[in-house]
Each structure stands twice: as C-alpha cells, then as structure tokens.
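Residues per chain are reported as follows:
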Amino acid sequence: MNEKIHIYHTNDIHSHFENWPRIQAFLKDRKASHEAAGEEVFIFDIGDFADRWHPFTEGTMGKGNVKLLNEAGYTAVTIGNNEGITLPHRDLNEMYEEAEFDVIAANLYFPDYKKPDWALPYRIYETKQGRKIAVTGITTYYQKLYELLEWKLSEPFTELEIQLNRLKEKTDMIIVLSHLGIHDDEKIAELFPQVDLILGGHTHHLFPEGKAAGRSMMAAAGRYGEYIGYVTALLKKNAPKQIQATIYGTASLPRPINEQQQIISFDQIGKKQLDIEITTIKETLDFAWDKPSQLPALLCEALHEWCNADCSLINSGLVLKSLTKGRVTKYDLHQMLPHPINPCTVELSGAELKEVLLHAQDASWVNLELKGLGFRGQVMGAFIFHGIIIDKSHHEIYIGEEPINPDKIYKLGTTDMFTFGKFFPEIRRSRVKHYYMPEFLRDIMAWKLRQP
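Conventions and cut-offs
- Residues numbered from 1 in each chain as written.
- Predicted model: local features only at pLDDT ≥ 70, side-chain atom pairs only at ≥ 80, totals over all residues.
- Heavy atoms only, no water.
- Phe/Tyr/Trp six-rings, centres within 6.5 Å; stacked < 30°, edge-to-face > 60°.
- Helix = DSSP H or I, 4+ residues; strand = E, 2+ residues; numbered from the N terminus.
- Lys NZ or Arg CZ within 6 Å of the ring centre and 35° of its normal.
- Expected span 1.5 Å × (residues − 1).
- Buried < 20%, exposed > 50% of the residue type's maximum accessible area, 1.4 Å probe, protein only.
- Contact = heavy atoms within 4.5 Å.
- Salt bridge = Lys/Arg side-chain N within 4 Å of Asp/Glu carboxyl O.
- Disulfide = S-S within 2.5 Å.

(A) A look at the packing of aromatic side chains. Under the defined criterion, the tally for this structure stands at 26 aromatic pairs. An angle of 85° between the planes, with centres 6.2 Å apart, marks the rings of W118 and W151 as edge-to-face. One end of the pair, W118, is in the loop between β5 (108-109) and β6 (122-126); the other, W151, is in the loop between α6 (143-148) and β8 (152-153), and 33 residues separate them in sequence. Here the basic side chain of K115 rests over the ring of Y109, its NZ or CZ set 4.6 Å away from the ring centre. We note K187 situated over the ring of F157; from NZ or CZ to the ring centre the distance is 4.6 Å.

Now the structure itself:
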C-alpha cells in the first residue's frame with residue numbers, strides 16, 4: 001500500500017518566543033489532526049532552538065526550552081552551536097533530562113568517545129504500515145570550542161558515512177537533521193545519494209518549495225520561527241518516493257487567544273530566575289555607542305584583566321543598558337550584555353596589531369548594523385581600548401608605556417566574534433587563539449563589579 005508521511009520542521013528559532021505561541025498551537029493542531037486520521041506525522045527541530053540572549057533561556061539554562069518542545073509534541077531534535085557551545089558542559093549534559101522527544105546528535109561525544117545517554121546516533125521509527133524511517137543528525141564542526149567545554153566532536157561527514165552504513169538496507173527512508181549550513185547540505189546530497197531528505201539549519205536559509213539536489217530533497221525554514229517547514233513523502237512499493245516541501249509563514253497563522261500573555265510570561269519567568277544579586281554600586285554607570293563612556297571602558301578593563309592580555313580591544317555596541325546605582329542582579333547584567341560571546345586572546349605581531357588599531361579608528365564602524373556571530377545588539381559602536389594609547393598628533397601607538405614594536409608578539413584581549421568574522425583579517429588569521437569558556441562577557445563584568 002501507498003503511505004503518506006507528514007513532516008514538520010523548525011530551525012534556528014534562537015529563543016525568539018514572539019513567534020512561539022502560534023508555532024506551538026499550529027503544530028499541536030496539525031499533529032492531532034493527522035493522528036486522528038491515522039496518518040504518520042513527525043515534528044523535528046534542527047538546532048539553535050535555545051539561545052541565551054533571552055532571559056527565559058538564560059534563567060532556565062535551556063530546560064525551559066525543552067519543556068516548550070515537549071508541549072508542542074516534537075518527535076526529535078538535533079543540537080546547534082547555541083546548545084552545544086554556549087552552555088557549560090554540565091548544563092548541556094543535564095538540559096534534556098526531561099525531554100519527551102529524541103535528541104539525535106551523531107557526532108557529539110564525551111572526551112573518551114563514549115556517547116552521552118541522551119544523544120542518539122540515529123533512530124529508526126516504524127510506521128503503522130511497517131515502513132522504517134531512519135533519522136540521524138549532525139551538528140557544526142566547532143571542534144576546538146567543544147573541546148574547551150569537555151566534549152568531543154567527530155568530523156560530520158565521516159560520522160554521517162558511519163551512520164548511513166549502519167542504516168543501509170534497514171530502512172525505507174533516510175532523513176538527516178543537519179545543523180551544518182546550506183553548502184554542507186548540498187555536499188551531503190552529492191556524497192550520499194541514499195539520503196532522501198535533508199532538513200537544514202545554521203545558515204538561516206529558506207527554501208519555500210524545498211530544493212532538489214541530486215536524489216535528495218533539501219528543506220529549511222529560515223530563522224527565528226518566522227516560518228515552519230512542511231514536507232510530505234509518499235512512499236510506494238517498488239517505486240521512487242515522492243517528496244514535496246513547502247513552508248507556512250508564522251505571521252499568517254491563527255493568533256492564540258492568550259498569545260501576548262504567553263510572550264510576556266517568558267520574560268517574567270526569566271527575570272524571576274535571574275533575580276540574584278551580584279553586587280551594589282554607589283553610582284549609576286552609563287554608556288554610549290559613539291564615544292568613550294563608563295561601562296564599555298569598564299568591560300574592556302575587565303576583559304583585559306581576565307585574559308591577562310598585553311592590550312585589549314572591544315566595541316562599545318556590546319553594552320545595551322546602563323546600570324542604575326544600588327542593587328545589581330544577574331538580570332541587569334543579562335540585559336546589559338545578552339550576547340553569547342566569550343572573551344579570547346589572539347597573538348599578533350606589532351605590525352599586525354598596528355593594522356588592526358588603525359582600522360578600528362574608522363568612524364564608519366560606529367553606526368554599522370551587525371547581526372550574528374553571537375552579537376545580539378544593534379550597531380558595532382566605537383572601539384574601546386585598554387593598554388593602548390594612540391597619539392594621533394605624533395602618529396605613534398603605545399602598548400603599555402612602550403612604542404609598538406612591529407616585530408614583537410603581543411597578546412590582544414578581545415571577543416570571540418572578531419576571530420570568526422571578517423572585520424579584522426589579522427585577528428581572524430592569527431594562528432594562536434585562546435578562548436575563555438564557558439564564561440560570557442556578562443560573567444566577566446560580574447567578576448569585575450564584585451572586586452573591592
């Protein structure tokens with residue numbers, strides 16, 4: 001007999017809960033409708049569902065997000081980099097303890113290459129007609145960052161080949177949950193024609209009608225829950241599968257009666273969880289994006305000391321909120337620095353460092369709108385230095401009290417986003433980088449504020 005499989009998928013929601021009430025209501029309604037009709041239905045998330053920029057996720061360390069996935073009736077998820085490398089080891093290892101869905105992350109291991117109990121390499125689901133649907137999942141290969149958090153990642157394509165060999169001749173359909181990005185998904189389709197469906201994420205790409213790639217179908221639903229992906233697969237005996245993909249725009253979905261109340265409640269829950277006093281301050285600390293100000297300077301000084309750097313550089317756009325005198329809580333610091341960004345150091349020659357510092361003087365940085373790389377603010381802002389003096393009148397740069405030496409190697413303290421982005425080629429190309437994990441910038445600021 002022919003059998004039609006219904007598949008719904010989301011990716012890269014990044015804790016954008018403004019869309020969640022409609023997504024949850026839609027998925028629950030569709031799942032109930034298909035099950036009532038005796039049809040097979042699967043719901044998958046392709047990673048980066050949890051993002052610590054939102055106080056709900058920060059306050060619950062992702063466990064609140066797991067509860068939401070449970071309530072929506074998800075079948076399985078894979079992890080993205082926002083689950084994998086923004087949570088401390090213990091928190092990620094405990095995040096899915098109450099999950100009522102499968103977590104499929106084939107290339108994630110403990111350092112001894114044992115699998116966590118909660119991370120399956122694959123799962124085979126059997127339909128009512130006895131057909132077997134195999135699902136495996138792989139996540140982005142940020143090997144060094146995972147190692148700093150006491151995890152081990154295997155190379156995704158090598159791991160995928162291993163899992164597909166295990167599934168060979170055991171299944172009627174193979175689905176890959178891929179948090180690798182669009183170009184690697186195309187490579188999967190090229191290298192592994194036995195894969196029927198690739199549900200993608202990470203690069204926030206959107207396929208309104210899917211994308212045929214060789215013998216595979218690629219599907220992806222953009223970002224932030226703005227769309228929900230829907231795939232149907234018609235399975236016929238002794239005939240090719242018929243796979244079709246489309247999307248639903250969340251904005252056009254019915255509005256739940258209590259939608260606004262739900263959205264507000266996420267913030268309220270997070271605020272309550274983060275109402276933990278860090279310190280008290282005697283005067284208000286303010287900020288500006290276009291000129292030197294208190295909080296960016298204090299953050300740069302804190303990063304400099306934490307990293308034990310020769311000199312340090314950050315962008316003032318990192319700071320999003322003032323600190324009012326009196327009680328300072330975790331919530332206050334989270335609102336000020338919501339970014340899942342870690343401090344780091346890079347080693348540069350004096351000549352390279354000079355290029356970076358001269359480039360940082362460009363006034364066009366101030367209003368440059370910036371998205372991604374962990375940055376959750378609005379604009380880059382002006383650059384702030386510590387341990388650096390730029391004497392424009394004499395065209396001199398001093399590191400500490402000494403003129404910059406073009407041949408000397410300096411340890412520059414900065415943020416990890418400058419090692420990933422293309423802003424400063426010298427920083428990105430540096431062969432010696434050290435990332436401080438799992439601490440975020442707000443943790444460094446808390447440490448600084450607690451000092452006498």
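Alright, that's what it looks like, and here's the rest.
(B) Quick look at helix α1 (residues 20-36). Between its terminal C-alpha atoms α1 stretches 24 Å, which fits the 24 Å expected from 17 residues at 1.5 Å a residue. Within α1, the full set of buried residues consists of W20, P21, R22, I23, Q24, F26, L27 and H34. Elements in contact with the buried residues of α1: β1 (3-10), β2 (40-45), α3 (63-72), β13 (227-235), β14 (242-249) and α9 (259-273).

(C) Inspection of the pattern of salt bridges at higher detail. Taken as a whole and assessed by the stated rule, the structure comprises 17 salt bridges. Linking R131 and E3 is a salt bridge whose minimum nitrogen-to-oxygen distance equals 3.1 Å. Linking R131 in the loop between β6 and β7 (132-139) with E3 in strand β1, this pair joins segments that are 128 residues apart in sequence. Here E277 makes a salt bridge to R327, at a shortest N to O gap of 3.1 Å. Of the two residues, E277 is situated in strand β15 (residues 277-281) and R327 in strand β17 (residues 326-329); the sequence distance between them amounts to 50 residues. For E277, a relative accessible area of 43% translates into the label partly exposed. What emerges from the salt-bridge pattern is a single network uniting R22, R255 and E259.

(D) Inspection of the state of the cysteines at higher detail. Taken as a whole, this structure holds zero disulfides when the rule is applied. Its sulfur unpaired, C300 is 9.4 Å from the next cysteine sulfur, which belongs to C311. Using a relative accessible area of 0% as the deciding quantity, one classes C300 as buried. No disulfide involves C307; its sulfur sits 7.1 Å from that of C344, the nearest cysteine. According to the relative accessible area criterion, C307 is buried, its value standing at 1%.

(E) Expanded view of unusual backbone geometry. Of the consecutive residues M437 and P438, the connecting peptide bond is found in the cis state with omega at 10°. Notably, D12 is not glycine yet its phi reads approximately 55°, a positive angle. Tracing the sequence through the fold places D12 in the loop between β1 and α1. Taking the relative accessible area as the measure of exposure, D12 reaches 0% and is therefore buried. Even without being a glycine, H202 presents a positive backbone phi close to 85°.

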